[in-house]
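An overview of the molecular structure
In case you want the letters, here they are:
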Amino acid sequence: MAAGVTYTPIANYTFASAASTYTFSSIPQTYTDLIVVLNAKSSSTIYYHDNILWRFNGDSSAIYSDIKLSNNGSSAASYSIADTGASYCGQLPNSTSGNSTYDRSTNIIQVMSYANTSIYKTVLSSSAAADSAGYTNTEIYVGTYRSTSAVTSLTMVNGEGNFVIGTTISLYGIAAA
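Below you will find a few notes about this structure. (Residues numbered from 1 in each chain as written. Predicted model: local features only at pLDDT ≥ 70, side-chain atom pairs only at ≥ 80, totals over all residues. Heavy atoms only, no water.)

1. Remarks on the side chain of Asp59
Under the convention used in this document: Put simply, DSSP marks the helices as runs of H or I at least four residues long and the strands as runs of E at least two long, and each gets a number from the N terminus on. The rule is simple: take the accessible area with a 1.4 Å probe, protein chains only, and divide by the maximum for that residue type; under 20% is buried, over 50% is exposed, in between is partly exposed. By the counting scheme adopted, Arg and Lys are positive, Glu and Asp are negative, and His together with the chain ends is not counted. We define a salt bridge as a side-chain nitrogen of Lys or Arg found within 4 Å of a carboxyl oxygen belonging to Asp or Glu. Think of a polar contact as two N or O atoms within 3.5 Å of one another; within protein, one of them needs to be a possible hydrogen donor and the other a possible acceptor, and neighboring residues in sequence only count if both atoms come from side chains. Contact between two residues is taken to exist if any of their heavy atoms lie within 4.5 Å; hydrogens are not considered.
Mapped onto the fold, Asp59 is located in the loop between strand 4 (49-56) and strand 5 (64-71). There is no salt bridge for the buried Asp59, and the closest opposite charge comes from Arg55, which lies 7.0 Å off by N-O distance. In this structure the side chain of Asp59 is engaged in a polar contact, spanning 2.9 Å, whose partner is the side chain of Tyr145. Setting aside chain neighbours within four positions, we find Asp59 in contact with Tyr64, Gly85 and Tyr145.

Written out as structure tokens, the structure reads:
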């Protein structure tokens, strides 16, 4: 097979004003998988780092589940959670963790077989957050959306505050081989 483009850009957005959510709607059903790349910081001051969640098709019913593994350089942790109205996919620094514009996290979310209407949807995500105070955290999540509906929209949610101005979010499609 000839080499080609792996990620096909579908949509990009840069926050011109602070907001707690962003939704990609009318996602084309022509790819095998979706990839979301989020570079973000939160406006919240509640916690040191805030949670990022995803939701499909505007569905907030309790049919999402997660498994998380994390490491901050000095300790490791894990958890699982079931029957929630959204699924976790990472953390992002907030206003408490320093004031540098470089205090951001990078989150990569892969949605597998998103258009297949005979299976539940599985999501793999990774998150790396760092701040100018020296705090770092890496996380890996496996999430399940217990619905066979094709994914036609994807909402990213800041669990504690707003995504700050300049946050970028990109959606890519991966074509079938």
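Read on for the rest.
2. Some remarks on the pattern of salt bridges
By the definition in use, this model includes 2 salt bridges. One salt bridge in this structure joins Asp83 and Arg146, with 2.5 Å as the shortest N-O distance. Linking Asp83 in strand 6 (residues 76-84) with Arg146 in the loop between strand 10 (136-145) and strand 11 (154-158), this pair joins segments that are 63 residues apart in sequence. Assessed through its relative accessible area of 26%, Arg146 is described here as partly exposed.

3. So, the pairing of strand 11
Operational definition: The pairing criterion is simple: DSSP has to find at least two bridges between the two strands.
Burial runs high along strand 11: 5 of the 5 residues are buried. Neither face of strand 11 is exposed, since Leu154, Met156 and Asn158 on one face and Thr155 and Val157 on the opposite face are all buried. By the bridge criterion, 4 bridges tie strand 2 (residues 21-24) to strand 11 in an arrangement that is antiparallel. Within the sheet, the bridge partner assigned to Thr21 lies in strand 11 and is Val157.

4. Some points on the pairing of strand 5
A regular strand places its side chains on the two faces of the sheet in alternate fashion. Pairing geometry for strand 5 and strand 6, over 7 bridges, is antiparallel. Counted as the bridge partner of Tyr64 is Thr84 from strand 6. The hairpin formed by strand 5 and strand 6 contains 4 residues between the paired strands, and Gly73 there has a positive phi angle of roughly 95°. Pairing between strand 5 and strand 10: 8 bridges, direction antiparallel. Opposite Tyr64, over in strand 10, you have Tyr145 as the bridge partner.

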